[in-house]
Amino acid sequence: MNTLPPPSDPPLLPERDPRARYIVLDYADMHALVAELVLPGDASMYVMSAMETSRELIRHSYYRYEFATVAVTHSLFALEHVLAERLGTNEPLHVLIERATDAGLITAELAAELDRSRLLRDKLTQGAASSASLRPLRALAMVRAVFDAVSLLLRPASAAGATAADVGGAQPEGGLAGLWEDHLRALFPDGFRSVDFDGVDLVLLDADVAGLVQRELNGGLDDSGIAYLWSCIANLDTIVPLINEEYCASYFAKLRTMAQVAAALYIPTAI
């Protein structure tokens with residue numbers, strides 16, 4: 001007699017979060033996106049687990065946008081643990097970052113990026129920010145800073161001093177690459193999530209432009225990408241004059257500039 005339960009319906013496959021569209025073409029491309037997040041082989045199991053989880057949260061933000069913000073906050077577990085061990089003291093994270101900077105273990109630029117992650121964590125704790133605060137690509141840059149810092153802090157003292165300026169400090173200058181790096185550091189305007197102007201959703205427009213620029217930097221856009229980029233520029237031309245908050249207007253004006261630079265090599269047949 002067969003006592004096994006009848007077969008259930010096949011499980012539903014997860015669907016891409018619409019807010020993550022145009023970051024990559026499909027989920028397989030997320031693997032290349034996080035490939036630079038290399039786990040340090042000499043870290044403790046605790047640190048390795050926290051960093052690997054952060055990396056995987058970035059990867060799976062393709063399916064759930066909020067995972068990107070969680071990835072940043074989770075990576076701070078590893079950072080705080082390594083800082084406390086290296087400095088031999090248990091103090092608040094902002095103090096540990098300051099001490100590591102003063103000791104020359106990390107660069108001032110890297111420390112500033114780490115502190116932005118800490119401030120985001122504090123805002124989440126206080127209910128002043130949501131788990132959808134970061135674009136996946138911005139979260140990737142912030143998690144990358146933690147990976148860079150941990151790698152530096154795990155080096156022997158003599159090696160750390162010699163290499164701190166070479167990790168996390170160099171940034172592309174000028175052109176689209178420079179605009180892209182500036183955009184990754186910028187926080188999305190508070191209070192403008194789930195807001196649209198003239199039918200244009202600000203979060204989706206931001207994500208679309210970011211994904212298209214990333215694709216342009218990584219090898220160029222195809223015809224559909226070029227067409228969509230020009231469509232985004234048209235939307236930016238429409239909404240920027242309608243925004244009456246200074247930071248938000250500046251944020252989307254810079255986004256428009258970046259999109260226009262990306263589109264400069266492509267002359268559309270019709271606008």
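Conventions and cut-offs
Residues numbered from 1 in each chain as written. Predicted model: local features only at pLDDT ≥ 70, side-chain atom pairs only at ≥ 80, totals over all residues. Heavy atoms only, no water. Helix = DSSP H or I, 4+ residues; strand = E, 2+ residues; numbered from the N terminus. Polar contact = N/O pair within 3.5 Å; in protein donor to acceptor, adjacent residues only side chain to side chain. Contact = heavy atoms within 4.5 Å. Core = buried A, V, L, I, M, F, W, Y, C linked by side-chain atoms within 4.5 Å. Buried < 20%, exposed > 50% of the residue type's maximum accessible area, 1.4 Å probe, protein only. Salt bridge = Lys/Arg side-chain N within 4 Å of Asp/Glu carboxyl O. Expected span 1.5 Å × (residues − 1).

> Honestly, the side chain of Arg-135 in this entry has me stumped. Any pointers?
With respect to the helices, strands and loops of the structure, Arg-135 is situated in the loop between helix H5 (108–126) and helix H6 (136–153). Of note is the side chain of Arg-135, whose polar atom sits 2.6 Å from the side chain of Tyr-251. Excluding anything up to four places from it in sequence, Arg-135 contacts Tyr-65, Ala-68, His-183, Leu-184, Ala-186, Asp-206, Ala-210 and Tyr-251.

> Sorry, what's going on with the nonpolar core here?
Of all hydrophobic cores here, the largest spans 83 residues; its most connected members are Leu-79, Ile-106, Leu-114, Val-209, Ile-239 and Phe-252. With 13 residues, the top contributor of residues to this core is H6. Setting aside residues up to four positions removed in sequence, Val-209 forms contacts with Cys-232, Leu-236, Leu-255, Met-258 and Ala-259.

> Can you walk me through the pattern of salt bridges in this structure?
Once their charged atoms are close, side chains differing in charge can pair, the charge on each being opposite to the other. Across all of its chains, the model carries 17 salt bridges by this definition. Between Arg-19 and Glu-66 there is a salt bridge; the shortest N-O distance is 2.8 Å. With Arg-19 in the segment before helix H1 (28–33) and Glu-66 in the loop between helix H2 (45–60) and helix H3 (67–87), this pair connects stretches of sequence that are 47 residues apart. A salt bridge links Glu-66 to Arg-64, with the nearest nitrogen and oxygen atoms 3.0 Å apart.

> How should H5 be read in this particular structure?
Think of an α-helix as turning once every 3.6 residues; residues three or four places apart then point the same way. In a regular helix each residue adds 1.5 Å, so 19 residues correspond to 27 Å; H5 covers 27 Å between its end C-alpha atoms and thus fits that length. Buried residues of H5: Leu-110, Ala-111, Glu-113, Leu-114, Ser-117, Arg-118 and Leu-120, and no others. Count one or two residues on from H5 and you reach Gly-127, which has phi positive near 75°.

> What exactly am I supposed to notice about the environment of Leu-153 here?
Inspection of the secondary structure assignment puts Leu-153 in helix H6. The exposure class assigned to Leu-153 is buried, which follows from its relative accessible area of 4%. For the pair Leu-153 and Leu-105, spaced 48 residues apart in the sequence, the C-alpha separation amounts to 6.5 Å.

> Looking at this structure, how should I read helix H9 (residues 202–217)?
Taking 1.5 Å of rise per residue, 16 residues should cover 22 Å, and H9 covers 23 Å from first to last C-alpha, within 8% of that figure. Of all 16 residues making up H9, 14 are buried, and the element is well covered by its neighbours. Where H9 begins, the capping side chain belongs to Asp-201, and its oxygen is found 3.0 Å from the backbone nitrogen of Val-203. Note on H9: the residue one or two positions beyond its end, Gly-219, has a positive phi of about 140°.

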